[in-house]
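# Structural features, examined
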Amino acid sequence: MAAEETNSAELLVDLDRAAGPLHRQLEAAIRTGIRTGRLAVGSALPPSRALAASLGVSRGVVVTAYEQLTAEGYLTSRSGGYTTIATGPVARWEPPSPVAEPARISFGYGRTDVSQFPRAAWLRSVRKVLTTAPTDRFGYTSGQGTPELRAALAEYLNRVRGTDARPDTVVICAGYAQAANLLIQVLRAAGATRLAVEDPSSEDDARALALARDMTVTGVPVGPDGVDVAALAGVHADALILTPSHQWPTGGVLPAAARTAVVRWASSRDALVIEDDYDAEYRYDRAAVGALQGLAPDRVAYVGSASKTLAPGLRLGWMILPQRLVGPVVEAKILADRGSPTIDQLTFADFLTCGEFDRHLGRMRPLYRRRRDTLLAALARHLPQLRPVGVAAGQHLLAWLPPHLSEPAVEAAARARGLAVFGVGRYRLTPGPPGLLFGYAHLTDRAIEEGITLLAAALSDLP
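What counts and how
- Residues numbered from 1 in each chain as written.
- Predicted model: local features only at pLDDT ≥ 70, side-chain atom pairs only at ≥ 80, totals over all residues.
- Heavy atoms only, no water.
- 1 Å grid on protein atoms, 1.4 Å probe; cavity = no way out; pocket = protein on both sides within 12 Å on 5 of 7 lines; lining within 4 Å.
- Points joined across faces, edges and corners; volume = space filled by probe spheres on them.
- Helix = DSSP H or I, 4+ residues; strand = E, 2+ residues; numbered from the N terminus.
- Nonpolar A, V, L, I, M, F, W, Y, C, P; charged D, E, K, R; others polar.
- Phe/Tyr/Trp six-rings, centres within 6.5 Å; stacked < 30°, edge-to-face > 60°.
- Buried < 20%, exposed > 50% of the residue type's maximum accessible area, 1.4 Å probe, protein only.
- Contact = heavy atoms within 4.5 Å.

With a probe scaled to a water molecule rolled over the atoms, the places where space remains empty come into view. Each pocket or cavity is described by its volume, and for the second largest pocket that value is around 680 Å³. Around the second largest pocket, the lining comprises 31 residues; the ones closest to its centre are Y176, S202, D204, D205 and K308. Counting only elements with at least two residues in the lining of the second largest pocket, the list comes to helix 6 (175-189), strand 5 (194-199), helix 7 (206-212), strand 8 (239-242) and strand 10 (300-305). Of the residues in the lining of the second largest pocket, the class split is 13 nonpolar, nine polar and nine charged.

So, on to the packing of aromatic side chains. Evaluation of the coordinates by the stated rule reveals 11 aromatic pairs. Ring centres of Y156 and F357 lie 5.3 Å apart, and the angle between their planes is 70 degrees; this geometry places the pair in the edge-to-face category. Separated by 201 residues along the polypeptide, Y156 in helix 5 (residues 147-160) and F357 in helix 12 (residues 356-382) bring together distant segments of the chain. Across this residue pair, the class does not change: Y156 and F357 are buried. Ring geometry for W248 against Y427: centres 4.8 Å apart, planes inclined by 85 degrees, an arrangement best described as edge-to-face. With W248 in the loop between strand 8 and helix 9 (256-269) and Y427 in the loop between strand 15 (422-423) and strand 16 (435-439), this pair connects stretches of sequence that are 179 residues apart. When sorted by exposure, W248 lands in the same class as Y427, which is buried. An aromatic cluster of three or more residues is present, and its members are F117, W122, Y156, W318, F348, F351 and F357.

We now examine the side chain of E411. Counting through the fold element by element, E411 comes out in helix 13 (residues 407-415). Here E411 falls in the buried class, since its relative accessible area comes to 12%. For E411, the residues in contact, after removing those within four places along its chain, are V421, F422, G423 and R426.

Within the secondary structure layout, L183 lies in helix 6. Each C-alpha atom, one on L183 and one on R49, is 54 Å from the other, the two residues being 134 residues apart in sequence. In contact with L183, other than residues within four places in its own chain, are I274, A301, V303, M319, L321 and V329.

Coordinates in, geometry out; function isn't part of it.
Encoded structure:
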């Protein structure tokens, strides 16, 4: 029996040419209709030509929207040309059990919006790889990564991040965590005993790895513009981990003179700078800041990944290394896992060279910027006593608390209202002023507004 066709009027689509890409608006309208149950499972959508004509748009707008929703599982294509609803309405949200999940809203950092993963474009690259890749690419790899991805990344990073990369200096890995592990392993084997890190900085990868290998970890103070190079001058270390383009977590951007000072320090100490370029693609209110690696490719090991730009589940990362480190790091990579999955590498290489990565970032920047703006407006309206910093880029910001408030007290008061917030103190090696991290990439505008309202109420409970 033929599926019952939904006419274009029943879709309730109202496109605004000034409000962003038309195919995205069409996707959102159909997705909402499915989630609410207004568009029934099994019903057929209008043919793409008919819907395009009724909306006054090109057929390509409708085809792109249908393809994306099909990739997401909302639609399915049937024989005879029908595109039908494949899934039913989403169940109404109910407040979670306080025992099972006390936080209804979380401002936790590091949770990119994976619902925006470009499934249709990624699928096109997968299909292309599976039909065109040479047979020998499916054998054991060299451990350094496929030539296609190393070449694509070198071109992209040189163009967008100002790096000085060649395909033979690029090594593919499973994200930043593995890059840090491999680099620390190689440095320790070569006799390194001291690692310097920014204070505050992330505590979940390099610090723990260095300590596990009996290395001494030293914190270098961070100021409004990133690492304090005057303090760095007195530090004796074999390696320094740095986030110069968007200091994590304070958001400072290391200025040109300070970058030169870091390179001078590394040269004088015969040290390696490990540049964690974790979210430089997302910038909103400032011009692009090039990678430190471009200034001193013989002193800087550059590390990037797809975790913040696409999805952490891909486990795709890359390093640009000084030539002397390529061989030892590749050997360590082979011992660790014999090399990263070939199909994923070839898919990402095609995704890069076809321009899909650039297009995806072009769609995500305005989305994250809007969420950041929503967060800043909510903070200004409900919590003007907090002082946000590091707001010009990335997927999070830091807000300094009034000095009389303690981070643990604020966290507990928020938790009692079903809100998860996290103080910056857990990332410090030495004491400092209180502040809260606000990750916003994964939250809707409504959740951000509700979360800040809850936090304001929680702070009003404190003395």
